[in-house]
Amino acid sequence: MDKFVVHGGNPLRGSLRISGSKNSALPILAATLLTPEPCIIHNVPNLSDIRYMLQILQHLGAEVTFENGTVRVCAANIHSETSYDLVRKMRASICVLGPLLARLGRATISLPGGCVIGDRPIDLHLKGLETLGAQIEVEEGNVIASAPRLIGSEVFLGGKFGSTVLGTDNIMMAATRAKGVTIIESAACEPEVRDLAEFLIKMGAKIQGQGTRRIEIEGVDFLRGVEHHVIPDRIEAGTFMVGALISGGDLRLTHLAPEHLGAVTNALKQAGAEIKIEGNEMQIRATGPLKSIEVITETYPGFPTDMQAQFCALMSVVPGISVIAEKVFPNRFMHLSELKRMGAKIDLEGSTAIIHGVDHLGGAPVMASDLRASAALVLAGLVAKGVTTVNRVYHIDRGYEKIDEKLRSVGAVIERQKE
Ligand code: EPZ
């Protein structure tokens, strides 16, 4: 296993290119199962989660190549059974369920395990597919779904934590081949859901309302192979925005979609950041001490839960008391104990973190736990006095393309070592 060794105290200065979105590429790769024709997808980040998904597609019988950010998939001859060994590694693999059911009329998927950010149920996915006429059985840790023909229907996807991103993806993909019209109420509005809808529309799907809470899909008989360019990764961009501020630096981010970062930009401006946006580029710096603020994580367009850990790291060194309430994954606070090992003063009241800004953090050996928590620990290491060792960086490699190389290119002292 690799670790990162970070020497704090170096402001990030320079320009960083934002990679393609992991959370857009994953469901789009699953959607290639909907057609026997070849698909070409550009701007795909080279991450372990992406490589897992490609392995799953290959296991299902698809032909796959991945070179220089471009994936070529041809799912002409596929079967419907995934392998537990692959699926257990990545929850997002659940989003092959809808396409397999639509294409083959059956699918066997291992139930995704939980993970450190909390229980990861799929009840809304299964309820939605049953509403479309699928028979669902759960046996020995597998979901076995079958539907000779899916029938368009009205599907409500609201759960107690809001809508479901991958659940919306699954139902939307299944509905593209259902008989009649499907209406998804309380759909997820994330940009990644919209990007998937654009991909499906290119394939010949009839979809309206993507990006709103109500999506309408009229089933068609065939979907063709297409070419697509994945949207930029808004969470990688948000992570580097925090990197610029926490290190007292000045970064130019390029090839991003600023319109996908409204809540993050608003919160950081409220804290005193200077953010200038020109087209698909952003210049961000702190012109003076930042101010403590309060934030609530919500489904899009609210402040993203995937930025909560990074926000905690930043606010731990901002004078005053900041507050972040986690409304999407209430248990997503594994990073707090590690930040406290670095001297952060953070109290957890239920699913709300009360952050008392300290003068500085101290470098320490810390343990990565989940993708975004790990990124937060690297950010904390950038500003901490001394050396921070972040262990188990495979968590980071799941969702950030060459993050150590990118950070070094703008002045960070960070090196990857074998643990
Ligand atoms: C997607 O996960 C993202 N992953 C997550 O990003 C992100 O944190 C999450 O959406 C929320 O924005 C990908 O897109 C691959 P949800 P997803 O279903 O779709 C509950 C990262 O760091 N729920 O929107 O699995 C669930 O427990 C990852 O890149 C049910 O109750 O999340 C949670 O509390 C981490 N029943 C809430 O809804 C269900 O059937 C939102 O989950 C499904 C979800």
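See above for the structure.
Here we summarise the structure given alongside this text. (Residues numbered from 1 in each chain as written. Predicted model: local features only at pLDDT ≥ 70, side-chain atom pairs only at ≥ 80, totals over all residues. Heavy atoms only, no water.)

## Considerations on the site of the ligand
Now for step 1: Surveying the vicinity of the ligand reveals 24 residues, the closest of which are Arg91, Asp123, Thr164, Asp306 and Val328.
Now for step 2: With respect to the ligand, the side chain of Asn23 contributes an N or O atom lying 3.0 Å from an oxygen atom.
Now for step 3: The backbone of Leu124 places a nitrogen or oxygen atom 2.7 Å from an oxygen atom of the ligand.
Now for step 4: Compared with its free state, where it exposes 820 Å², the ligand has 92% of that area covered by protein.
Now for step 5: Elements that contribute at least two residues to the shell around the ligand include exactly helix 1 (22–31), helix 5 (123–131), helix 6 (165–175) and helix 12 (371–383).
Now for step 6: The greatest single-element share of the shell around the ligand, amounting to 3 residues, is contributed by helix 5. (Near = heavy atom within 4 Å. Polar contact = N/O pair within 3.5 Å; in protein donor to acceptor, adjacent residues only side chain to side chain. Areas by Shrake-Rupley, 256 points an atom, 1.4 Å probe, with all protein chains shown as cover. Helix = DSSP H or I, 4+ residues; strand = E, 2+ residues; numbered from the N terminus.)

## A few points about the packing of helix 10 (residues 308–315) against helix 12
Now for step 1: Two elements in contact, helix 10 and helix 12, have axes separated by 7 Å at closest approach and are oriented at 20 degrees. The angle between helix 10 and helix 12 places the two elements in the roughly parallel class. As helix 10 packs across helix 12, the resulting crossing turns out to be right-handed. Contact residues: helix 10 offers Ala309, Gln310 and Ala313, while helix 12 offers Arg372, Ala373, Ala376 and Leu379. (Axes fitted to C-alpha atoms, helices over the stretch in contact; angles between N-to-C directions. Parallel < 35°, antiparallel > 145°, perpendicular 65-115°, else oblique. Left-handed = near helix turned anticlockwise from the far one by under 90°. Contact = heavy atoms within 4.5 Å.)

## Some words on helix 4 (residues 97–104)
Now for step 1: Most of helix 4 sits inside the fold, with 7 of its 8 residues counted as buried.
Now for step 2: Those residues of helix 4 that fall on the buried side of the exposure criterion are Leu97, Gly98, Pro99, Leu100, Leu101, Ala102 and Arg103.
Now for step 3: As for helix 4, its buried residues are in contact with helix 1, strand 6 (106–110), helix 5, strand 8 (142–146) and helix 6.
Now for step 4: Positive backbone phi, approximately 80 degrees, marks Gly105, located one or two places after helix 4. (Buried < 20%, exposed > 50% of the residue type's maximum accessible area, 1.4 Å probe, protein only.)

## What to know about the pattern of salt bridges
Now for step 1: Counted by the stated rule, this structure contains 18 salt bridges.
Now for step 2: Arg149 is paired through a salt bridge with Asp221; the nearest N and O atoms lie 3.9 Å apart. Of the two residues, Arg149 is situated in the loop between strand 8 and strand 9 (154–156) and Asp221 in the loop between strand 12 (214–218) and strand 13 (227–229); the sequence distance between them amounts to 72 residues.
Now for step 3: For the salt bridge of Arg341 with Glu338, the shortest nitrogen-to-oxygen distance reads 3.8 Å. Of this pair, Arg341 and Glu338 both sit in helix 11 (residues 334–341), 3 residues apart, which is roughly one turn of the helix.
Now for step 4: Overall, the relative accessible area of 14% leaves Glu338 in the buried class. (Salt bridge = Lys/Arg side-chain N within 4 Å of Asp/Glu carboxyl O.)

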